[in-house]
Amino acid sequence: MEEQTRSIVQQSLNALLENENFLTDLKGGMRQKAFTSLNSILSTPNQIHKSFLRVPLEGGEVVRIPSYRVHHNDALGPYKGGIRFHETVNEEEVVNLAFLMTLKNALHNVPFGGGKGGIMINPKDFSEKELHKICIKYVRYFNNVIGPDKDIPAPDVGSGEREMDWMMAEYKKINQGSPYLGSFTGKSVENGGSLGRREATGKGVYFTFRYLLNNYVKDNQATFATTTNPFAKTALEYVNRELTVAVQGFGNVGSVTALEAYRCAHIQNKVVAVSDRNVTLFNADGLDIPALVEFTAKNKGDLPTSEDQLTAAGIAATIQGREDILTMDVDVLFLAALENQLNDQNKTQIKARIIVEGANAPTTREADDYLSEKGVVIIPDILANAGGVIVSYLEWLQGRETQFFSEEEVYNQLLAKMRNTMDTLLPQYFGDTFSLRQNCYIHSVTRLSTVLYRQGKLY
Ligand code: GLU
């Protein structure tokens, strides 16, 4: 497991150990032992399932594809988390992502545990037929460990509703007569998915930022005026003024986040830069995000990479290297690509003073410590990007009852849940010296520890 996750959990447990109001019946030596047990339970996954999928390609050749399903912890409910399709997928990464799911669900009071899956492929290297076969094989190999009350997969990087539809169909076929709508979330609406699921993560990412700045900080300006809290001071500088925004990643999360920023009537945002795996596009006057979304829809998800493509699409922008976005002189940087983007190498060059993590684990521990020390406001992954799993929960619920919510009902419930979490966390964050990530972890670890204790797991 990533050292960053492990060490923040340890820090959270240390803070709780000192807190006399927490688990008051645990005293003295017993208390010490219970906390050591909590640390081992939380920093180790319950199970790691690994298989090499045997997949015949269209050309006749057979390949073996390393695939994973990790069950981190199910104290709060069935395991839940996406399946990543990416060529760099590996066991340690999936374990860490499963752990983040446990913390994310605990943080937002979603009644699920934490799980994650991964398939080590670049989906762009395979035909549609081959991808279909890979999805079917994944379900066949992991059928025993998944299910609507056991472990419910969803999309992640490189997968989407098409893959979830195929997988659910295979699950249904293998488990005839059993409920199947809740076996996968992130399905298409026609196939039992929820309205709003596709946009949920991006909308939630933008909402956490907007709510923090435009509601919480703005409403508390008077009290913040005399604050010595470094994060409150930073946030205060960005209220009531025009902001420049950059969004790294233009997939399901980044493109929706960019659109939300572009359309937001509450904050004067100018999205000056977006990027993907090929390029960064920049325009100091603001990019035409709807035109870029339209372009990517027609071009396999890729942003324009040449002057000719930009001109043909009527988009005004300059083309820069894909990494340039990270060090641009902007106010707000949304990270919606992959892990470890802000790291020891580039941490001193980061200029944005508000960073929002749409991806999971995009900031390494070194960069996180360095930037937090400098008073940079970092809205962490488990807080900002939970919109996906929150609406997955609503999808699971709707599938169980076969009663479906309107899009408006979905968004109202999504935003209410995120608002609730932030109303608990933000007063603590702006009132002490812990980073927002540390505050989130303390909150999640408190909930998990209480339940593990009540369930008799600490003896
Ligand atoms: N893959 C998404 C995440 O990392 C969504 C998980 C889900 O909906 O279960 O949060």
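Everything here concerns the structure above.
Predicted model only: the values in this text are computed from it and were never measured. (Residues numbered from 1 in each chain as written. Predicted model: local features only at pLDDT ≥ 70, side-chain atom pairs only at ≥ 80, totals over all residues. Heavy atoms only, no water.)

> Which residues make up the site of the ligand, and what are the values?
As a structural note, the neighbourhood of the ligand is formed by 14 residues, with Lys80, Lys104, Pro155, Asp156 and Ser392 the closest of them. Between the ligand and the protein, one listed contact pairs an oxygen atom with a side-chain N or O atom of lysine 80 at 2.8 Å. Measuring from an oxygen atom of the ligand, one finds a side-chain N or O atom of asparagine 360 at 3.1 Å. Look at the ligand: alone it shows 290 Å² of surface, and the protein chains cover 94% of it. Every element with two or more residues in the shell around the ligand is listed here: β3 (79-85), α3 (91-107), β5 (151-155) and α14 (387-401). The class makeup of the residues in the shell around the ligand is 4 nonpolar, 5 polar and 5 charged. (Near = heavy atom within 4 Å. Polar contact = N/O pair within 3.5 Å; in protein donor to acceptor, adjacent residues only side chain to side chain. Areas by Shrake-Rupley, 256 points an atom, 1.4 Å probe, with all protein chains shown as cover. Helix = DSSP H or I, 4+ residues; strand = E, 2+ residues; numbered from the N terminus. Nonpolar A, V, L, I, M, F, W, Y, C, P; charged D, E, K, R; others polar.)

> Can you lay out helix α16 (residues 436-454) for me, pointing to particular residues and giving the numbers?
The end-to-end C-alpha distance of α16, which contains 19 residues, comes to 27 Å, matching closely the 27 Å that a straight helix rising 1.5 Å per residue would cover. Of the residues trailing α16, glycine 456 is marked for its positive phi of about 75°. (Expected span 1.5 Å × (residues − 1).)

> Tell me about the packing of aromatic side chains, and please be specific about residues and values.
A full pass over the atoms with the stated rule returns 14 aromatic pairs. Judged by centre distance (6.2 Å) and plane angle (75°), the rings of phenylalanine 22 and phenylalanine 35 are edge-to-face. Taken together, the residues span a long stretch of sequence, with phenylalanine 22 in the loop between α1 (3-18) and α2 (28-42) and phenylalanine 35 in helix α2 at a distance of 13 residues. Comparing phenylalanine 22 with phenylalanine 35, the two get one shared label, buried. Among the aromatic side chains, those forming a connected cluster through ring pairs are Tyr216, Phe224, Phe231, Tyr429 and Phe430. Between lysine 172 and the ring centre of tyrosine 180, over which it is positioned, the NZ or CZ distance is 5.2 Å. (Phe/Tyr/Trp six-rings, centres within 6.5 Å; stacked < 30°, edge-to-face > 60°. Buried < 20%, exposed > 50% of the residue type's maximum accessible area, 1.4 Å probe, protein only. Lys NZ or Arg CZ within 6 Å of the ring centre and 35° of its normal.)

> Describe the sheet that holds strand β1 (residues 47-56), naming the residues involved and giving the relevant values.
Spatial ordering of the open sheet is given by β1-β2-β4-β3-β5, a layout of 5 strands whose pairing is mixed. Single-partner strands in this sheet number two, and they are β1 and β5. The sheet shows a mean angle of 20° between the axes of neighbouring strands, direction not considered. As defined by bridge partners, β3 adjoins strand β4 (residues 114-119) across 3 bridges and the pair is classed as parallel. Pairing of arginine 84 across the sheet is with glycine 118, part of β4. (Pairing = 2+ DSSP bridges. Axes fitted to C-alpha atoms, helices over the stretch in contact; angles between N-to-C directions.)

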